[in-house]
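Close look at the chain arrangement
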Amino acid sequence: EREVWEAALRSAGRQPAWALFADEALAFCTRDPLPEEISAKFASAAGAARTIDTTIAACGGYWQLAALPLIEADGGQVGRLLIMRDTTVAVKEHRQMLSLWLGSSCLVLAVILGLLYVMLFRTDQGIQAQQAELRSSEERLRLLFEHAISGVAVHEMIFAADGQPLDYRSLDANAAFEKHTGLAV
C-alpha cells in the first residue's frame, strides 16, 4: 500500500518523508522541514499506543506537541496523529502578564509598607510626645510636693474584714509635713 499512499501524497502536492521516523511516514507538515528538536521528541514517543502532550522550546520559540494513536474500528492502530502548535506568542504574553502582575504586586506591597511605616512613625512620635509631657507634669508635681510650705502626705487606709477602717499607713510625705507633725515617714 506504500505506492498508493505515496501517490495520494504527490497528488496533494506533498512528498512522503519515509526516512524521518523509523516505523512511520510523515504525511503532512505545515513547516518544512520538520525541526530536528521536534522530530526527535516525536520519534522518542514512537510505539504502539504511546501518547505525548508536552511543550518544548525549539526553533527560537515554544511548541506544544501532541501525539495520539489513530485507531481503526477493529481496535488496531494504523498510525499516529502528530500535532505541533506554535505557542511562542502565548508563552510570551503569559510571561509579560506574569511580569506585569509581579511588578504591580511589588508596587502595591511597597505602597502598603510605606503607609505602614508612616503610620508607625507618627504613632511613635505621638507616644514620645505624650511621654515627654507626662515626665514634665510629673516633674512639676514632684517639685510642688517637695517645696510646698503646707504639709502633704499620702496614706493608705487599712480596713477590717467587715469594711470598718482600722489603721492607716503613710506612703509618702513632704518635708513640711514632717516638720509640722514631727512624724518621720
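Rules and cut-offs
Residues numbered from 1 in each chain as written. Predicted model: local features only at pLDDT ≥ 70, side-chain atom pairs only at ≥ 80, totals over all residues. Heavy atoms only, no water. Helix = DSSP H or I, 4+ residues; strand = E, 2+ residues; numbered from the N terminus. Buried < 20%, exposed > 50% of the residue type's maximum accessible area, 1.4 Å probe, protein only. Contact = heavy atoms within 4.5 Å. Areas by Shrake-Rupley, 256 points an atom, 1.4 Å probe, with all protein chains shown as cover. Core = buried A, V, L, I, M, F, W, Y, C linked by side-chain atoms within 4.5 Å. Expected span 1.5 Å × (residues − 1). Salt bridge = Lys/Arg side-chain N within 4 Å of Asp/Glu carboxyl O. Polar contact = N/O pair within 3.5 Å; in protein donor to acceptor, adjacent residues only side chain to side chain. Patch = residues over 30% accessible without salt bridge, like charges linked within 9 Å, V, L, I, M, F, W, Y side chains within 5 Å. Phe/Tyr/Trp six-rings, centres within 6.5 Å; stacked < 30°, edge-to-face > 60°. Pairing = 2+ DSSP bridges. Axes fitted to C-alpha atoms, helices over the stretch in contact; angles between N-to-C directions.

Helix and strand counts for the protein chain come out as four helices and five strands. Helices and strands appear in the protein chain in the N-to-C order α-α-β-β-β-α-β-β-α. For the protein chain, the proportion of its 185 residues judged to be buried stands at 17%. Here the contacts in the protein chain between residues at least 6 apart in sequence split such that 27% fall between residues at least 24 apart. Approximately 14100 Å² of the protein chain is accessible, and the part contributed by carbon and sulfur atoms is 60%.

As a further point, take the nonpolar core. Membership of the largest hydrophobic core is limited to 10 residues, which are L34, I38, F42, I52, I56, A58, W63, L65, A67 and M84. Listed by contribution, the elements that provide at least two residues to this core are α2 (36–44), β1 (52–58) and β2 (61–71). When residues no more than four places from it in sequence are discounted, the contact partners of A58 are E37, I38 and W63.

Taking 1.5 Å per residue as the helical rise, helix α3 (residues 88–147) with its 60 residues ought to reach 88 Å, and the 87 Å between its terminal C-alpha atoms agrees with that figure. Of all the residues in α3, the buried ones are T88, V91 and F145. Taken together, the buried residues of α3 touch β2, β3 (77–86) and β5 (165–173).

As a further point, take the pattern of salt bridges. Using the criterion set out here, one finds three salt bridges in the structure. Here E139 makes a salt bridge to R142, at a shortest N to O gap of 2.4 Å. In this pair, E139 and R142 are both assigned in helix α3, three residues apart and thus about one turn of the helix distant. The exposure class assigned to E139 is partly exposed, which follows from its relative accessible area of 36%. In this structure, E156 engages R169 in a salt bridge whose closest nitrogen and oxygen atoms are separated by 2.9 Å. One end of the pair, E156, is in strand β4 (residues 153–159); the other, R169, is in strand β5, and 13 residues separate them in sequence. On the accessibility criterion, R169 (44% relative accessible area) is partly exposed.

Within the element layout of this structure, N174 appears in the loop between β5 and α4 (175–181). Among the polar contacts made by the side chain of N174, one reaches the main-chain carbonyl oxygen of F145 at a distance of 3.0 Å. N174 has contacts with F145, E146, A148, S150, G151 and V152, leaving out every residue within four places of it along the chain.

On the surface, L68, L70, V78, L81 and I83 cluster together into a nonpolar patch covering about 400 Å² of accessible area. For the nonpolar patch, the secondary-structure elements that each account for two or more residues are β2 and β3. If you trace the backbone, V78 turns up in strand β3. Residue V78 is classed as exposed on the basis of its relative accessible area, which comes to 53%.

Turning to the packing of aromatic side chains, a few remarks are in order. Evaluation of the coordinates by the stated rule reveals one aromatic pair. Residues Y117 and F121 carry aromatic rings whose centres are separated by 6.0 Å and whose planes lie at 20° to one another, so their mutual orientation is stacked. Taken together, the residues span about one helical turn, with Y117 and F121 both in helix α3 at a distance of four residues. The class of F121 is partly exposed, set by a relative accessible area of 40%.

The next subject is the sheet that holds β1. Pairing between the strands of a sheet is mediated by backbone hydrogen bonds and can be parallel or antiparallel. Across the sheet, three strands lie side by side as β1-β2-β3; this open sheet has antiparallel pairing. The sheet is open, and its two borders are formed by β1 and β3, each paired with just one other strand. Pairs of neighbouring strands in the sheet enclose a mean axial angle of 25°, with direction left out of account. The pairing of β2 with β3 spans nine bridges and is classified as antiparallel. If you follow Q64 over to β3, its bridge partner there is R85. Running over the sheet, α2 touches β1, β2 and β3 and is turned about 155° from β1.

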